[in-house]
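Coordinate analysis (summary)
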Amino acid sequence: MTRKNPVITIDGASGTGKGVVGHIVAKQLGWHILDSGVLYRALALAAQKHDVSLENEPALQVLAEHLDIQFKASETGDATVILLEGQDVTHDIRTEKVGNAASKVGALPAVRLALLSRQRAFQEPPGLVTDGRDMGTVVFPNADLKIFLTASADERARRRFSQLKEKGIDVNLSDLVKELSERDKRDQERAVAPLKPATDAVCIDTDKLNIQQVVEYIIKEYKKVFSIAQQ
Ligand code: C5P
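Just so we're clear, the structure is a prediction, and the values are computed from it rather than from any experiment. (Residues numbered from 1 in each chain as written. Predicted model: local features only at pLDDT ≥ 70, side-chain atom pairs only at ≥ 80, totals over all residues. Heavy atoms only, no water.)

**Brief notes about the packing of helix 2 (residues 37-49) against helix 5 (residues 109-120)**
The contact between helix 2 and helix 5 brings their axes to 11 Å, and the two run at 130 degrees. Judged by the angle between their axes, helix 2 and helix 5 are oblique. The hand of the helix 2/helix 5 crossing is right-handed. Mapping the contact onto sequence places L39, Y40 and L43 in helix 2 and V111, R112, L115, R118 and Q119 in helix 5. Of the residues assigned to the contact of helix 2 with helix 5, the class counts are 5 nonpolar, 1 polar and 2 charged. (Axes fitted to C-alpha atoms, helices over the stretch in contact; angles between N-to-C directions. Helix = DSSP H or I, 4+ residues; strand = E, 2+ residues; numbered from the N terminus. Parallel < 35°, antiparallel > 145°, perpendicular 65-115°, else oblique. Left-handed = near helix turned anticlockwise from the far one by under 90°. Contact = heavy atoms within 4.5 Å. Nonpolar A, V, L, I, M, F, W, Y, C, P; charged D, E, K, R; others polar.)

**Some thoughts on the pattern of salt bridges**
Tallied over the entire structure, the rule returns 15 salt bridges. For the salt bridge of D200 with K146, the shortest nitrogen-to-oxygen distance reads 3.1 Å. Of this pair, D200 sits in the loop between helix 8 (173-189) and strand 8 (202-205) while K146 sits in strand 7 (residues 145-150); the two residues are 54 residues apart in sequence, bridging distant segments of the chain. According to the relative accessible area criterion, K146 is buried, its value standing at 6%. A network of salt bridges, in which partner residues are shared, links E96, R160 and R183. (Salt bridge = Lys/Arg side-chain N within 4 Å of Asp/Glu carboxyl O. Buried < 20%, exposed > 50% of the residue type's maximum accessible area, 1.4 Å probe, protein only.)

**Here we look at the site of the ligand**
The environment of the ligand is formed by 15 residues, the closest being R41, R112, R183, D187 and R190. A distance of 2.8 Å is found between an oxygen atom of the ligand and a side-chain nitrogen or oxygen belonging to R112. A distance of 2.6 Å separates an oxygen atom of the ligand from a polar side-chain atom of D187. Within the complex, the protein chains bury 97% of what would otherwise be the 450 Å² of accessible surface of the ligand. Looking at the shell around the ligand, the elements that each hand over two or more residues are helix 2, helix 4 (96-105) and helix 8. Here the shell around the ligand gets 3 residues from one element, more than from any other, and that element is helix 2. (Near = heavy atom within 4 Å. Polar contact = N/O pair within 3.5 Å; in protein donor to acceptor, adjacent residues only side chain to side chain. Areas by Shrake-Rupley, 256 points an atom, 1.4 Å probe, with all protein chains shown as cover.)

**Quick notes on the side chain of D187**
With respect to the helices and strands, the residue D187 is situated in helix 8. At 3.4 Å, the side chain of D187 forms a polar contact with the side chain of R133.

**Quick word on helix 2**
Between its first and last C-alpha, helix 2 extends 18 Å over 13 residues, near the 18 Å set by a 1.5 Å rise per residue. The buried count for helix 2 comes to 10 of 13 residues, which makes it a mostly enclosed element. Within the span of helix 2, buried status applies to V38, L39, Y40, R41, A42, L43, A44, L45, A46 and A47. A positive backbone phi angle near 55 degrees is found at D51, which sits one or two residues after helix 2. (Expected span 1.5 Å × (residues − 1).)

Purely spatial values, then, with no claim about function.
Set out below in structure tokens:
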């Protein structure tokens, strides 16, 4: 079966592995990837840069509408460089401080609305894999395959801790556990686009699975949906 501009959404809380898994699935399929959290993180950084309060919804809406962000392939071609107003922020956006600020701006309806069409514009041939919190529920409600990843709070904190360490970002594990649970609570309880599985999502508990196993699970689901013979 051929589908026009197919989409696979991967939603879940922080530390469920959706970013890493999404990139690998996109690479295997040769599809585009959108890490939607980058938009919220970049907006939080832009707010900081332009002295805009994280509670000032009208000003954040304007900032979101004009967000000057570019995604470029790195020189080696195996990573994405993120430019905010022409400046490389690939590393800066990954701190928990920025993640927390992103979750505050992400709770504002006007901000979410301002970023909606920008996210939908990533739906291009041959296909899109996208990860976030509301990809399957709000941004791409007609996605061909919706995945929702879960993992226990301890496991998510452990993964996030080693991920940040790997990126050279200094973190304290107990601070991280506290920050992650605050962020997840805010993401789950917000009035607009809260973190939750779409009714038609395939839920995968990743606690006992490694990255490759989660990727294989998703590829298997993809083959079912696209009627591709399983090997
Ligand atoms: O996925 P990531 O941890 O980079 O996202 C940072 C924050 O951005 C999340 O905690 C969430 O509040 C917000 N976000 C969102 N909707 C998305 C992606 C991210 O609200 N689709």
